[in-house]
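Next come the chains, spelled out residue by residue.
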Amino acid sequence: NSFVTRTNTCGELRSAHVGQKVTLYGWVQYQRQGLFLVLRDFQGLTQIIIPQDEAHSHVKELLSNAPVESVVRVTGIVSPRPMGQENPKMPTGDIEVKAETAEILNSCKKLPFEIKDFIKKSDALRMQYRYLDLRSFQLQSNLRLRSRMVMRMREYLCNLHGFVDVETPTLFKRTPGGAKEFLVPSREAGKFYSLPQSPQQFKQLLMVGGLDRYFQVARCYRDEGSRPDRQPEFTQIDIEMSFVDQAGIQRLIEGLLQHSWPEERALIMTPFPSMTYEEALAEYGTDKPDTRFGMKIMDISGVLRGSDIHFVQNALTYPHGSIRAICIPQGVRYLTNKDLESLKESAKSQFNQEIMEIIRRPDGSLKSLLTKCLGEKEQSELIQALNMQKNDVVLLAAGEYKRVCSALGTLRLLSANLLEAAGLAVRDPTAFHFLWVVDFPLFLPKAENPTELESAHHPFTAPHPSDASLLYSDPTKVRSQHYDLVLNGSEVGGGSIRIHSAEQQRFVLEEVLKEDSKVLSHLIEALEFGAPPHGGIALGLDRLISLIVDAPSIRDVIAFPKSFRGRDLMGNAPDYVTPQELEPYHIQVSWPLKEKEVKKN
C-alpha cells in the first residue's frame, strides 16, 4: 500500500483488523439486492455491506446502482461476519466492511463478456478486449508468477554468480540459417534492418569483449507465419559464458531453475537426467520426450526376423530397416475401434507409415492378422518381448528406422491423450520431468534437397571433440556440442558450446553449409582477435511459464499476445500506412491490393 491512497488491499483484511477504519479501491465483482457487494483488486476480494439507514441513503443508492466492473472507492469499518455466515473459501471470509462513504471513480459500460474464469470466451474476443481479460484471476496469477520467477533468476545470475545484464540491439542485419526474420526498412534505398531471432551473435561478441558472463531477458522475433501456439515476438532468458563446457552450462541451469522455482509447485530434483539424441529417437520417437509415462518404443526385429511374414521380411531388407512397437496398457478396455482406426490413419497421413495392431484378449490369447503366421512359441516370445498383459494393445510398425520411430512416437502421445480422455490416469499433471537431450547431429540433410546440409542447431555450434576430424572428411557423421532442455515433452531451452576458431567457422559456413561468409564477416573477424572458448543457452520463458501453470496456450502467460495469424486484434496491427509515410523508406506498395487480401485484413 506504499505510495497510494488506500489503506489496505481487497485481499489482506482479516479478523485482526476488526474495528479499524479502512479505505479500499477496486472493481465491483458483483452486487446482491442492494444489501452487499464484493469488491475486487489484484490481491483478492472483500465483501462490502451496503448501509440501509436513512443517514447513508446516498451511499446505498450509489453502490446499489454501480454497474459490475465499475471502479469504486469505499471507506468503512471492518466488522466480523455474523455467526454462520463466514466463507472459508475466501481468505477475507471472516470479515466484511460496513461502508460509510463511497465514490464511483469510473462507471463501466456493458461488458463484451463476463470477467470470470469459468465463463467461456473465444480467443479472438479475449484478445480484442485484452485489458478486460487481464482482470481475470488466472491471467493475473500467471503474470505475477512470471514476474517473481524472472526476479529470482536475475538474483541468482547477477547477485550470486556474477553475470552482467546487457541489452543488445533490436535493429540488426539478416543472418543466414534459422527462422525467417522480420525486415525493417531504412532511409537508405534498398537497405533493410532485421529484427534478431535471438541475440546469438551479440552474446558471442560480448565474450570476445571479455565480459565473461552475460545474461539478458531478451525480446526475440521470428516471422514464422501461422504456426499453432507460436508468437512472432517472444522472450528468452539468454545466457553466455566464457571458459565453460557443456556440464558447466547444465549445472548452471539446474541451479537457476531450482532457485527460481515457485514454492507452490512440486519440487524439482537435480541433476536432471540426460539422454542422447539417438536414445530419445529410439525409445520415444522424438528429440523432446515426455518421460512422465512409459509406453516406450521397443525393437522387436530380432523376434520376428525368422518369421515368414512378407511385410516384415520386406522391411528388414531396406537400409536401416526395423520393426518396432509400442504397448498401450489396458487398450482393450479404454480404446474403441474408432480410436484405433484414428491412430492408424494418423500414422498413414503424417508419415506414410502402415500400422498393425495386436490385441491380447482377456483369456491371454492374441488377436491380430499376424497370429496366423506365427506359431505358439513365436507368439509367446512376442508377448514376452513386449511385456504384454491381458487387455493390452500393441501398435506395430515396420520400415525405415527413423520413419518408424517418428510415427510410433506420435502414436504414443496420441494414445496417452485417448487413454486420459477415457478416464485412465497416464501423466501426472502436477509432475515436472526435466531432461537433457545431448549429442545431436551437427548437420542434417535439407528437407527440400537431401544432398545439401543445414545446421541442426545453428551454424555457430561447435562439433563434438571426439568427432572434430570428421568435420573435414564426413560432416554427416559429426555430433555437436548442442544440448536441449526438455520439460514434460516440450523443449524449454537449447544451447551449445560455440565455435571459437575463425578458420573452423569459415569452413562450416563456406564448405559445409555453402553460405556466403561475408554476411558474418564481423563475427569471423572477431574470432581472429583472441576469442575465448565459450558457450551458452537460451530458455524459452513463455513456454516454461505456460508449463509451470498448466496453461492451455503460451498466450495465457503473455500480457498482450498476438493471434494465431500474428495479428494484434486489440490495436488492429499490422495496419496500413500512407504512401507519404513510406516515401522516406523508398518503398512503394502495389495498388490496388487484391480484393481478397483487403477483406482478409
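Before going into details, it helps to say that this report is about the structure given with it. (Residues numbered from 1 in each chain as written. Predicted model: local features only at pLDDT ≥ 70, side-chain atom pairs only at ≥ 80, totals over all residues. Heavy atoms only, no water.)

## Thoughts on the nonpolar core
Then, in step 1: Grouped together as the largest cluster of nonpolar side chains are 39 residues, with contacts concentrated most on Ile-239, Ile-253, Leu-257, Phe-434 and Leu-485.
Then, in step 2: Every element with two or more residues in this core is listed here: helix 4 (137–160), strand 10 (233–242), helix 6 (246–260), strand 17 (434–438), strand 20 (482–487), strand 21 (490–497), strand 22 (534–540) and helix 17 (541–548).
Then, in step 3: Tallying contributions element by element places helix 4 first for this core, with six residues.
Then, in step 4: Contacts of Ile-239, omitting those with residues within four sequence positions, involve Leu-157, Phe-163, Lys-203, Tyr-214, Phe-215, Leu-252, Ile-253, Leu-256, Arg-498, Gly-536 and Ile-537. (Core = buried A, V, L, I, M, F, W, Y, C linked by side-chain atoms within 4.5 Å. Buried < 20%, exposed > 50% of the residue type's maximum accessible area, 1.4 Å probe, protein only. Helix = DSSP H or I, 4+ residues; strand = E, 2+ residues; numbered from the N terminus. Contact = heavy atoms within 4.5 Å.)

## A short note on the packing of aromatic side chains
Then, in step 1: Summed over all chains, the structure comprises eight aromatic pairs.
Then, in step 2: Taking 4.5 Å as the distance between ring centres and 10 degrees as the angle between the ring planes, the aromatic pair formed by Phe-272 and Phe-434 counts as stacked. Residue Phe-272 is located in the loop between helix 6 and strand 11 (274–276), and its partner Phe-434 is located in strand 17; the two are separated by 162 residues in the primary sequence.
Then, in step 3: With relative accessibility at 7%, the residue Phe-272 sits in the buried group.
Then, in step 4: Aromatic rings pair up to connect Trp-261, Phe-272, Phe-432 and Phe-434 into one cluster. (Phe/Tyr/Trp six-rings, centres within 6.5 Å; stacked < 30°, edge-to-face > 60°.)

## Details of the pattern of salt bridges
Then, in step 1: One pass over the full model with this rule turns up 35 salt bridges.
Then, in step 2: With a shortest N-O distance of 2.8 Å, Glu-240 and Arg-498 are connected by a salt bridge. With Glu-240 in strand 10 and Arg-498 in the loop between strand 21 and helix 15 (502–512), this residue pair connects regions lying 258 residues apart in the sequence. Both residues of the pair, Glu-240 and Arg-498, belong to the buried class.
Then, in step 3: Residues Glu-341 and Lys-344 are paired through a salt bridge, measuring 3.3 Å at the closest nitrogen-oxygen approach. Of this pair, Glu-341 and Lys-344 are both found in helix 11 (residues 337–351), three residues apart, which corresponds to roughly one turn of the helix. (Salt bridge = Lys/Arg side-chain N within 4 Å of Asp/Glu carboxyl O.)

## Some thoughts on unusual backbone geometry
Then, in step 1: Cis geometry is adopted by the peptide bond preceding Pro-271, which originates at Thr-270 and carries an omega value of -5 degrees.
Then, in step 2: Structurally, the position occupied by Pro-271 is in the loop between helix 6 and strand 11.
Then, in step 3: Here the residue pair Ala-573 and Pro-574 is connected by a cis peptide bond, since its omega of 0 degrees sits within 30 degrees of zero.
Then, in step 4: Position of Pro-574 among the secondary structure elements: in the loop between helix 17 and helix 18 (579–582).
Then, in step 5: For Gln-33, which is not glycine, the phi dihedral falls at a positive 50 degrees.
Then, in step 6: Note on placement: Gln-33 falls in the loop between strand 1 (21–32) and strand 2 (36–40).
Then, in step 7: One non-glycine residue, Asn-488, lies in the positive phi region at around 50 degrees.

So, to be careful, I would describe these as geometric facts and stop short of saying anything about function.
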